[in-house]
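# Working through the structure, step by step
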Amino acid sequence: MAALFITLEGGDGAGKSVLARGLADRIARVEGDVVLTFEPGATPVGAAIREQLFAEEQQLSPWAETFLFLADRAAHVSEVIRPALARGAAVLCDRYMDSTLAYQGFGRKLDLGLIEQMNRHASAGLTPHLTLLLDVPVAQGLQRARTARRDRIGRDPPEFHRRVAEGFKRIALEAPDRVRILDAVRPEADVLEAAWAVLEPRLRRSGYRSR
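Presented here is a report on the structure given in the accompanying data block. The model shown is predicted, which means the values in this text are computed figures rather than measured ones.

### Quick notes on the overall build of the protein chain
The helix and strand tally for the protein chain stands at 8 helices and 5 strands. In sequence order, the protein chain lays out its α and β elements as β-α-β-α-α-β-α-α-β-α-α-β-α. Relative to its length of 211 residues, the protein chain is compact, with a C-alpha radius of gyration of 16 Å against a globular reference of 17 Å. Along the longest, intermediate and shortest principal axes, the C-alpha atoms of the protein chain span 50 × 35 × 30 Å. Looking at the protein chain residue by residue over its 211 residues, the buried ones come to 50%. Accessible area of the protein chain: about 9,900 Å², with a carbon and sulfur share of 53%. In the protein chain, the 30 positive side-chain charges and the 28 negative ones have mean positions that sit 2 Å from each other.

### Quick notes on helix 3 (residues 62–86)
At 3.6 residues per turn, the α-helix brings residues three or four places apart onto the same side. The terminal C-alpha atoms of helix 3, which comprises 25 residues, lie 34 Å apart, in line with the 36 Å expected from a rise of 1.5 Å per residue. The sharpest bend along helix 3 measures roughly 45° and falls at Val-77. Inspection of helix 3 places Glu-65, Thr-66, Phe-69, Leu-70, Asp-72, Arg-73, Ala-75, His-76, Val-77, Ile-81, Ala-84 and Leu-85 among the buried residues, and these make up the whole buried set. Looking at the buried residues of helix 3, the elements they touch are strand 1 (4–10), strand 2 (34–38), helix 2 (44–54), strand 3 (90–94), helix 4 (97–107) and helix 5 (112–122).

### Brief notes about the sheet that holds strand 4 (residues 130–135)
Spatially, the 5 strands line up as an open sheet ordered 2-3-1-4-5, and their pairing is parallel. The open sheet has two free edges, formed respectively by strand 2 and strand 5 (179–183), since each of these has just one partner strand. Each strand axis lies, on average, 20° off the axis of its neighbour in the sheet, ignoring direction. Bridging between strand 1 and strand 4 involves 5 bridges; their strand directions are parallel. Pairing of Glu-9 across the sheet is with Leu-133, part of strand 4. Set on the sheet, helix 3 makes contact with strand 1, strand 2 and strand 3; between it and strand 2 the angle comes to about 160°.

### Here's the deal with the environment of Ala-71
Tracing the sequence through the fold places Ala-71 in helix 3. Through-space distance from the C-alpha of Ala-71 to that of Leu-19 is 26 Å; in sequence the pair is 52 residues apart.

### Here we look at the nonpolar core
A general feature of soluble globular proteins is that nonpolar side chains tend to end up buried together. Of all hydrophobic cores here, the largest spans 27 residues; its most connected members are Leu-19, Leu-23, Ile-27, Leu-199 and Leu-203. Elements that contribute at least two residues to this core include exactly strand 1, helix 1 (16–28), strand 3, strand 4 and helix 8 (188–205). Among the elements that line this core, the one with the most residues is helix 8, at 8 residues. Excluding its chain neighbours within four sequence positions, the residues that come into contact with Leu-19 are Leu-8, Leu-134, Leu-182, Val-191, Leu-192 and Ala-195.

### Some points on the packing of helix 2 against helix 3
Two numbers describe how helix 2 lies on helix 3: the axes approach to 9 Å, and their chain directions differ by 160°. Viewed along their axes, helix 2 and helix 3 adopt a mutual orientation that is roughly antiparallel. Handedness of the helix 2/helix 3 crossing: left-handed. The segment helix 2 lies against helix 3, with Pro-44, Val-45, Gly-46, Ile-49, Leu-53 and Phe-54 engaging Glu-65, Leu-68, Phe-69, Ala-71, Asp-72, Ala-75 and Glu-79. Classifying every residue of the contact of helix 2 with helix 3 by side-chain character gives 9 nonpolar, 1 polar and 3 charged.

### Observations concerning the side chain of Arg-26
Note on placement: Arg-26 falls in helix 1. Overall, the relative accessible area of 16% leaves Arg-26 in the buried class. Beyond its immediate stretch of four places on either side in the chain, Arg-26 contacts Leu-192, Glu-193 and Trp-196.

### Considerations on the pattern of salt bridges
Within the structure shown, the criterion is met by 13 salt bridges. The salt bridge partner of Arg-178 is Asp-98, with a shortest N-O separation of 2.8 Å. Remark: Asp-98 occurs in helix 4 and Arg-178 occurs in the loop between helix 7 (158–174) and strand 5; sequence separation between them is 80 residues. Between Glu-200 and Arg-204 there is a salt bridge, with the nearest N and O atoms lying 3.2 Å from each other. Placement of both Glu-200 and Arg-204 in helix 8 is noted, with a separation of 4 residues, approximately one turn of the helix. For Glu-200, a relative accessible area of 23% translates into the label partly exposed. Here the salt bridges share partners, and the residues they tie into one network are Glu-9, Asp-12 and Arg-95.

Thresholds applied
Residues numbered from 1 in each chain as written. Predicted model: local features only at pLDDT ≥ 70, side-chain atom pairs only at ≥ 80, totals over all residues. Heavy atoms only, no water. Helix = DSSP H or I, 4+ residues; strand = E, 2+ residues; numbered from the N terminus. Rg over C-alpha atoms; globule rule 2.2 N^0.38 Å. Buried < 20%, exposed > 50% of the residue type's maximum accessible area, 1.4 Å probe, protein only. Areas by Shrake-Rupley, 256 points an atom, 1.4 Å probe, with all protein chains shown as cover. Lys, Arg positive; Asp, Glu negative; His and termini not counted. Charge placed at Lys NZ, Arg CZ, Asp CG, Glu CD. Expected span 1.5 Å × (residues − 1). Bend = angle between axes of the 7 residues up to and from the residue. Contact = heavy atoms within 4.5 Å. Pairing = 2+ DSSP bridges. Axes fitted to C-alpha atoms, helices over the stretch in contact; angles between N-to-C directions. Core = buried A, V, L, I, M, F, W, Y, C linked by side-chain atoms within 4.5 Å. Parallel < 35°, antiparallel > 145°, perpendicular 65-115°, else oblique. Left-handed = near helix turned anticlockwise from the far one by under 90°. Nonpolar A, V, L, I, M, F, W, Y, C, P; charged D, E, K, R; others polar. Salt bridge = Lys/Arg side-chain N within 4 Å of Asp/Glu carboxyl O.

Below is the structure:
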């Protein structure tokens, strides 16, 4: 059985965490190991970084913010993702390198080429086999996010989040073999079924079989 690395991406309020849990539950019903993880904060050092990144009172420059996300990723890949893949697990990750490119590159207007280069270093070249991009209108996503939580990045103006959304679309256009766009306006159950329709064939090709 071959390992499989799947990432979930999208703007604030897209429903990634809910979908990740639903997919992990589905994968758990078939033969094989599944690891559900997230960024930032899935390691001890990452938890400390997350606290600083999302603290409402925290003031960070765009590059300071970027380096914190990258430090979290470096620890996450070495301590969680690669060990899980090495034992043949399916890894489901809520946010990964595309979020850095979309939020800090397109959203903060930082150098895209430099962020791509730093992403490669922080991830040690580890690219997902499949990325599910949850697409939801910016205004609707922000409204959902406001009901769930308030954090420093979530308080950025709508113009910032529109740039992020456009960034994700650009990423999808440039990596059509890896990134699949899902309509996240639909009910959660429908989004889960659409995601599973994309993911299940990949699982079968990797050697996972329904019980």
